[in-house]
Amino acid sequence: MKRQIVLVMSIVIGLIFTCSPISIASVKERHEYEQTGKVFWEANTEEANIALTFDDGPHPANTPELLDILKAYHVKATFFVVGKLAEEYPEIVQRMIDEGHEVANHTYSHHYDEAVTKDVLMEEIDHTNQILSETVGIRPTYFRPVGGYYTDAIIDAALDLDQNVLLWSWHQDPRDWAGTPTKKIVSHIIEHAQAGDVVLLHDGGGDRQETLRAVKLVIPILKHQGYQFVTASELLQPNPLME
Ligand SMILES: [Zn+2]
């Protein structure tokens, strides 16, 4: 009987090892990446600044509508654009720039893979930067990994290309990408708001009417509470001359 148990156990253990991936992506604790001074989730500040960030665009319908809303409220935001969409809709990216928003890099193909290699990701980031340079004449300084994954390979790829990495405040993902209704997006952002926040929202990836309506409601409430909306660069690397 005992021998049978030992046999079964050794088969189970054998299976566990053979089923394990050959190499698991190497990941450090968040603070170790933050210590580089180039990887951020939010700003450590007491100033009432908040950065609204929008991923996965430009989108031919949602993004112009969002830009209209931001313009009406004199709010500057940061757009983490997908390179192949920027290639398709350069006029929308140009409008972001003309209206004072920050354009940042979110890979070329929205490459969603925690185990992405450094080489593949460097190609994705670099290709997007080349498109932005050729079409609208800018070079982003911030990169946001798809899915919020951060591994040594992902961080190294970005830093080697001289990009800062910006994830988002973990308390500021209202899950607008999951079809969350407007009311819930609004209450989530308002209830969790604090100085230095980086709010994760999406202008691409599908219908974003709930997000657009939420933005319209959130901005005046937070402004009334004394918050200012700034771009990623303004939030994380304030110009000392402006202080
Ligand atoms: Zn994304």
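Residues numbered from 1 in each chain as written. Predicted model: local features only at pLDDT ≥ 70, side-chain atom pairs only at ≥ 80, totals over all residues. Heavy atoms only, no water.

Asks: Explain the overall build of the protein residue by residue, including any values.
Replies: For the protein, the helix and strand inventory stands at ten helices and eight strands. For the protein, the proportion of its 243 residues judged to be buried stands at 45%. Considering only contacts in the protein between residues 6 or more positions apart, those separated by 24 or more positions represent 77%. Of the accessible surface of the protein, which amounts to about 12600 Å², a share of 55% is contributed by carbon and sulfur atoms. (Helix = DSSP H or I, 4+ residues; strand = E, 2+ residues; numbered from the N terminus. Buried < 20%, exposed > 50% of the residue type's maximum accessible area, 1.4 Å probe, protein only. Contact = heavy atoms within 4.5 Å. Areas by Shrake-Rupley, 256 points an atom, 1.4 Å probe, with all protein chains shown as cover.)

Asks: Can you lay out the coordination of the zinc ion for me, pointing to particular residues and giving the numbers?
Replies: For the zinc ion, every protein donor is listed as Asp56 (OD), His106 (NE2) and His110 (NE2), and the spread of their distances is 2.0 to 2.1 Å. The motif formed by the donor residues of the zinc ion, counted along the single chain, is D-x49-H-x3-H. Here histidine 106 lies in the loop between β4 (102-105) and α6 (118-136) and aspartate 56 lies in the loop between β2 (49-55) and α3 (62-72), a separation of 50 residues in the sequence. A residue is classified by how much of its surface remains accessible, and aspartate 56, at 13% relative accessible area, is buried. (Donors = N, O, S within 2.8 Å, 3.2 Å for Na, K, Ca; no water.)

Asks: An account of empty space enclosed by the protein is requested, with residue identities and associated values reported.
Replies: Scanning the entire structure with this criterion turns up one cavity of 30 Å³ or more. By volume, the largest cavity is sized at about 40 Å³. Considering only residue class, the lining of the largest cavity consists of six nonpolar, two polar and one charged. (1 Å grid on protein atoms, 1.4 Å probe; cavity = no way out; pocket = protein on both sides within 12 Å on 5 of 7 lines; lining within 4 Å. Points joined across faces, edges and corners; volume = space filled by probe spheres on them. Nonpolar A, V, L, I, M, F, W, Y, C, P; charged D, E, K, R; others polar.)

Asks: Go over the packing of aromatic side chains with me, naming the residues and quoting the values.
Replies: In total, this model carries six aromatic pairs according to the counting rule given. Taken together, a centroid distance of 5.9 Å and an interplanar angle of 70 degrees make the contact between tryptophan 41 and tryptophan 170 edge-to-face. Of this pair, tryptophan 41 sits in the loop between β1 (39-40) and β2 while tryptophan 170 sits in the loop between β6 (164-166) and α8 (182-192), and the two are 129 residues apart along the sequence. Take tryptophan 41: its relative accessible area is 0%, and that puts it in the buried class. (Phe/Tyr/Trp six-rings, centres within 6.5 Å; stacked < 30°, edge-to-face > 60°.)

Asks: So what's going on with the environment of phenylalanine 79? Residues and values would help.
Replies: Within the secondary structure, phenylalanine 79 is located in strand β3 (residues 78-81). The exposure class of phenylalanine 79 is buried, given its relative accessible area of 1%. Phenylalanine 79 sits 27 residues away from leucine 52 along the chain, and the two C-alpha atoms are 8.7 Å apart. Those residues in contact with phenylalanine 79, other than ones at most four positions away along the chain, are Phe54, Thr63, Leu66, Leu67, Leu70, Met96, His101, Glu102, Val103, Ala104 and Asp203.

Asks: I'd like to hear about the layout of surface pockets, residue by residue, with values.
Replies: Its boundaries defined by the atoms lining it, the second largest pocket holds a volume of some 210 Å³. Lining the second largest pocket are 15 residues, and of these Asp56, Tyr112, Gly147, Trp177 and His202 sit closest to its centre. Of the residues belonging to the lining of the second largest pocket, the class tally is six nonpolar, five polar and four charged.

Asks: Tell me what's going on with the pattern of salt bridges, and back it up with residues and numbers.
Replies: Scanning all chains against the criterion turns up nine salt bridges. Three or more residues are tied together by salt bridges with common partners; here these are Asp68, Lys71, Arg95 and Glu99. (Salt bridge = Lys/Arg side-chain N within 4 Å of Asp/Glu carboxyl O.)

Asks: So what's going on with helix α7 (residues 152-160)? Residues and values would help.
Replies: Within α7, burial applies to Asp152, Ile154, Ile155, Ala157 and Ala158. Among the structural elements, α2 (30-34), β1, α6, β5 (142-143) and β6 are those in contact with the buried residues of α7. Residue aspartate 162 follows α7 closely and has a positive phi angle near 65 degrees.

Asks: Please give an account of the pairing of β2 that cites residues and values.
Replies: Burial analysis of β2 places seven of its seven residues in the buried class, which makes it a mostly covered element. Burial of β2 is two-sided: the residues Asn49, Ala51, Thr53 and Asp55 facing one way and the residues Ile50, Leu52 and Phe54 facing the other way are all buried. In terms of strand pairing, β2 meets strand β8 (residues 228-229) through two bridges, oriented parallel. The partner of asparagine 49 across the bridge, within β8, is glutamine 228. Sheet topology places β2 next to strand β7 (residues 198-202); five bridges connect them, and they run parallel. For threonine 53, the partnering residue across the bridge sits in β7 and is leucine 200. As paired elements, β2 and β3 share three bridges and run parallel to each other. Among the inter-strand pairings, phenylalanine 54 is bridged to a residue of β3, identified as phenylalanine 79. Once the chain exits β2 it traverses α3 before rejoining the sheet at β3, and the crossover so formed is right-handed. (Pairing = 2+ DSSP bridges. Right-handed = clockwise from strand over helix to strand, strands pointing away.)

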